[in-house]
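Results of the structural survey
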Amino acid sequence: MHEKSPVLQAAKREKIGTRYNNRVRAGGGLPAVVYGRGSDPVSVTVDAKEAGRHIHKGEKIFRLSLPGVMENQHVLLKDLQFDHLGSNIVHADFARVSLTDRIRTKVPVHLIGEAIGLKQAGAILMHPVSEVEVECVVTELPDFLEVEIGELDVGHAITAANIKLPTAGMKMITDKHAMVAQIVIQQELVLEEAATVDAAPGEPEVLTAKKPAEGEEGAAAAPGAKPAAGAKPAAGAAPAKGAAPAAGAKPAAGAAPAKGGDKKK
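Residues numbered from 1 in each chain as written. Predicted model: local features only at pLDDT ≥ 70, side-chain atom pairs only at ≥ 80, totals over all residues. Heavy atoms only, no water.

1. Details of the overall build of the protein chain
The condition is simple: We count a stretch as a helix when DSSP gives it H or I for four or more residues in a row; a strand needs E for two or more, and each element gets its number in order from the N terminus. Buried residues are those whose accessible area, probed at 1.4 Å on protein chains only, stays under 20% of the maximum for their type, while exposed residues exceed 50% and partly exposed ones sit between those limits. Exposure was quantified through the Shrake-Rupley algorithm and a 1.4 Å probe, taking into account, for residues, occlusion by the shown protein chains and nothing else.
Check the secondary structure of the protein chain and you find 3 helices and 13 strands. Here the protein chain, with 265 residues, has 29% of them falling under the buried criterion. If you sum the accessible surface of the protein chain, you get close to 19200 Å²; carbon and sulfur atoms cover 53% of it.

Structure follows, in structure tokens:
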């Protein structure tokens, strides 16, 4: 694999900082730093398009050439920084490595085949973990790991522990319970019709209206019941049967005087 590692031509950066890095990017360069193996870090610039093309293909190991400093030095891509949109690479970190070094890095996971569980109605494939971290010798680092999912059925899953590593010397670092692939049935969301939404709006309560006293709401006076002490009859209401007229009250026109009443002298 090391023989096929892409070569990146680098130039040393004499000035560092955001202001100068922006100038490098404007000129088509990618600011980077190389460190490790007991040597001082070196700030360099590589071609942004060339480096980006290899990085997007999944390359991890490069041969870096810097005139007067290093020639075909094997380096491992350790970290990337992106712009605020997360689409463009703005900085890269490379670590010097030897072909016999054991390294830890992340490797993409490619799902192979069509799961039998996808034949069921509403079934969908979940792929929450798309890369795993492994430890291996530099020369054994794969471009990706393949996972066969043809026999994966509904309710079953493939975890990191189920991934077959290509060499005996490679070690899985990612948690063995990490979910790599799973078939689930997509549940339809059933919305209950809320009575408060679908029903016609009720009458609003008038807060300024005078509320009836307790016990009076909707109640009519019982037949023959006497009005409360001191209570005046409603306007136009006939007095109760057998009740004496109020003092000083004139009899209604055409009404006969009450029996036992005083006669004119």
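Next comes the rest of the description.
2. Focus on the pattern of salt bridges
How we decide: Any Lys or Arg side-chain nitrogen located within 4 Å of an Asp or Glu carboxyl oxygen qualifies as a salt bridge.
Within this structure, the stated rule accounts for 3 salt bridges. Here R37 and D101 are joined by a salt bridge, their closest N and O atoms 2.6 Å apart. In this pair, R37 sits in the loop between β2 (29–36) and β3 (39–47) while D101 sits in the loop between β6 (89–96) and β7 (102–112), placing the two residues 64 residues apart along the sequence. The class for R37 is exposed, based on a relative accessible area of 52%. Here R104 and E135 are joined by a salt bridge, their closest N and O atoms 2.9 Å apart. Note that R104 is positioned in strand β7 and E135 in strand β9 (residues 131–137), a separation of 31 residues in sequence. Salt bridges here are not isolated pairs; linked through shared partners, they connect R102, R104 and E135.

3. Observations regarding the confidence of the model for the protein chain
Our working definition: As a per-residue measure, pLDDT reflects the predictor's confidence and takes values from 0 up to 100. Note on contacts: a residue pair is in contact if any heavy atoms of the two residues lie within 4.5 Å.
With 69% of its residues at a pLDDT of 70 or more, the protein chain shows a mean pLDDT of 79. Predicted confidence is poor over residues 203–209, with pLDDT under 50, and the contacts of this stretch with residues over four places away or in other chains come to 1 contact. Low pLDDT, under 50, characterises residues 260–265; the predicted model gives this stretch 0 contacts beyond four residues in sequence or across chains.

4. A closer look at the environment of V109
Tracing the chain through its elements places V109 in strand β7. Given a relative accessible area of 6%, V109 falls into the buried group. In sequence terms V109 and D143 are 34 residues apart; their C-alpha atoms lie 9.4 Å from each other. When neighbours within four sequence positions are excluded, V109 is seen to be in contact with H127, S130, E131, V132, L145, V147, I163 and V180.

5. Overview of the sheet that holds β2
Selection rule: Two strands form a pair only when DSSP identifies at least two bridges running between them. Angles here are taken between N-to-C directions and fall from 0 to 180 degrees, while the axes themselves are lines fitted to C-alpha atoms, restricted in helices to the stretch in contact.
Read around the barrel, 6 strands follow the order β1-β3-β2-β6-β5-β4 and close on themselves; strand pairing throughout is mixed. Across the sheet, the axes of successive neighbouring strands diverge by a mean angle of 45°, strand direction being ignored. Where strand β5 (residues 70–82) and β6 come together, 7 bridges link them in antiparallel fashion. Within the sheet, the bridge partner assigned to F82 lies in β6 and is I89.

6. Some thoughts on the nonpolar core
We count it as follows: In this description, a nonpolar core means a group of buried Ala, Val, Leu, Ile, Met, Phe, Trp, Tyr and Cys residues linked to one another through side-chain atoms lying within 4.5 Å.
Within the largest apolar cluster, 27 residues are counted, with the highest numbers of intra-cluster contacts made by I103, V132, V134, L141, L152 and I163. When contributions to this core are tallied by element, the ones reaching two or more residues are β7, β9, β10 (145–148) and β13 (179–185). Dropping the residues within four chain positions of it, I103 is found in contact with I61, L76, V97, V134, E135, C136, V138 and L141. If you look at the next biggest cluster of nonpolar residues, it comprises 19 residues, including L8, F62, L64 and A92.

7. Quick notes on the sheet that holds β7
Strand order across the open sheet formed by 4 strands is β10-β7-β9-β12, with mixed pairing between neighbours. If you trace the sheet from one side to the other, it starts and ends with β10 and β12 (171–172), each paired once.

8. Some remarks on the environment of I163
For I163, the location among the structural elements is in the loop between β11 (157–159) and β12. With sequence-adjacent residues up to four places away left out, I163 is seen in contact with V109, V132, L145, V147, M172 and V180.

9. Brief notes about the environment of D47
What counts, and what does not: What qualifies as a polar contact is a pair of N or O atoms within 3.5 Å, subject to a donor-acceptor requirement within protein and to the restriction that residues adjacent in sequence count only when both atoms come from side chains.
Along the polypeptide, D47 turns up in strand β3. Residue classification places D47 among the partly exposed residues on the basis of a relative accessible area of 39%. Note: C-alpha distance between D47 and A11 (36 residues apart in sequence) is 9.3 Å. Sequence-distant contacts of D47, that is, excluding residues within four places in its chain, are made with Q9 and G28. Within the local environment of D47, its side chain forms a polar contact with the backbone nitrogen of E50, the two atoms lying 2.8 Å apart.

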